[in-house]
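Coordinate inspection notes
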Amino acid sequence: MTSPLRTNQDLDPAALRQAFGVFPSGVVAVAAVVDGRPVGLAASSFTSVSLDPPLVSFSVARTSKTWPDLRRSSHLGVTVLAEHHGEVCRQLAGPVDSRFDGLVVSASRDGALTLDEGLAQFDCTVYREVEAGDHIVVLLQLHAADHGAGRPLVFHRSNFGRLAG
């Protein structure tokens, strides 16, 4: 009996990206005020990690130009994006100077920046960074959290969608 699965020597990055894309995920904004201006990015790799201590994580490409600036902030804001935030997500992945144009945000005293219309907001600090291939897995420790009602933005097969029901 032969396996229909490809071995790691045969994995094509484009095919692998498509395979990863069948797993739906939520989307978050990770943001802070750095040097007096808002800095942020969108991430679809967010997950809860631990309750004690309270930890979450997300992954960022090692080639990211935003992460080196963002990580300089003492605190980071993480916002779970709502189903109507598809364009906001695209904006956060777009040109750096216009990522926050027209968005309603709040900043903590420590610089954590969150979107006011998000489903949940977290105030975090970097707990640890782990190099993982072409990405960095960032573990964040939570210092404050709030949440509201609504449905999340879902990223699936390189498109945005909504939960049914």
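**A short note on the overall build of the protein chain**
Scanning the protein chain from terminus to terminus reveals 3 helices and 12 strands. Here the C-alpha radius of gyration of the protein chain, 17 Å, is about what a compact globule of 165 residues would show, namely 15 Å. Projecting the C-alpha coordinates of the protein chain onto the three principal axes gives extents of approximately 60 × 35 × 35 Å. Taking the intrachain contacts of the protein chain between residues at least 6 apart in sequence as the baseline, contacts between residues at least 24 apart amount to 63%. In the form shown here, the protein chain has an accessible surface area of approximately 10,100 Å², with 53% of it arising from carbon and sulfur atoms. Considering the protein chain, the positive charge centre built from 14 side chains and the negative charge centre built from 17 side chains are found 5 Å apart.

**What to know about the sheet that holds strand β2 (residues 28–34)**
Here we have 7 strands laid out as an open sheet, ordered β3-β2-β6-β9-β10-β5-β4, and antiparallel in their pairing. Unpaired on one side and paired on the other, β3 (37–43) and β4 (47–51) mark the two borders of the sheet. Each strand axis lies, on average, 35 degrees off the axis of its neighbour in the sheet, ignoring direction. The pairing of strand β9 (residues 120–132) with strand β10 (residues 135–147) spans 12 bridges and is antiparallel. Residue pairing in the sheet places Val-130 in a bridge with Val-137 of β10.

**Focus on the pattern of salt bridges**
Oppositely charged side chains are able to pair whenever their charged atoms sit close together. All chains considered together, the criterion is met by 6 salt bridges. The structure contains a network of salt bridges with shared partners spanning Asp-35, Arg-37, Asp-69 and Arg-72.

**Here we look at the packing of aromatic side chains**
Aromatic rings considered in pairs are described by the distance between their centres and by the relative angle of their planes. Under the counting rule described, the total for this entry stands at 2 aromatic pairs. Ring centres of Phe-58 and Trp-67 lie 5.6 Å apart, and the angle between their planes is 80 degrees; this geometry places the pair in the edge-to-face category. Per residue, the accessibility class of Phe-58 equals that of Trp-67, and both read buried.

**Considering the sheet that holds strand β11 (residues 154–156)**
Taken in spatial order, the 3 strands of this open sheet run β1-β11-β12, and their pairing is antiparallel. Each edge of the sheet is formed by a strand with only one pairing partner; in this case those strands are β1 (25–26) and β12 (159–161). Here β11 runs beside β12; their pairing, made up of 3 bridges, is antiparallel. Residue Phe-155 lies in a different strand from β12, and its bridge partner there is Phe-160.

**Points about the pairing of β9**
In this sheet, β9 lies alongside strand β6 (residues 76–80) in antiparallel orientation, the contact comprising 5 bridges. Counted as the bridge partner of Leu-76 is Cys-124 from β9. The hairpin turn running from β9 into β10, its antiparallel successor, is 2 residues long, and Gly-133 in that turn takes a positive phi close to 65 degrees.

**Thoughts on the environment of Ala-144**
Checked against the element boundaries, Ala-144 lands in strand β10. In the structure, Ala-144 is positioned 104 residues away from Gly-40 in sequence and 19 Å away in space, judged by C-alpha atoms. Beyond its immediate chain neighbours, meaning those up to four positions away, Ala-144 contacts Gln-121, Phe-122 and Asp-123.

Calculation notes
Residues numbered from 1 in each chain as written. Predicted model: local features only at pLDDT ≥ 70, side-chain atom pairs only at ≥ 80, totals over all residues. Heavy atoms only, no water. Helix = DSSP H or I, 4+ residues; strand = E, 2+ residues; numbered from the N terminus. Rg over C-alpha atoms; globule rule 2.2 N^0.38 Å. Contact = heavy atoms within 4.5 Å. Areas by Shrake-Rupley, 256 points an atom, 1.4 Å probe, with all protein chains shown as cover. Lys, Arg positive; Asp, Glu negative; His and termini not counted. Charge placed at Lys NZ, Arg CZ, Asp CG, Glu CD. Pairing = 2+ DSSP bridges. Axes fitted to C-alpha atoms, helices over the stretch in contact; angles between N-to-C directions. Salt bridge = Lys/Arg side-chain N within 4 Å of Asp/Glu carboxyl O. Phe/Tyr/Trp six-rings, centres within 6.5 Å; stacked < 30°, edge-to-face > 60°. Buried < 20%, exposed > 50% of the residue type's maximum accessible area, 1.4 Å probe, protein only.

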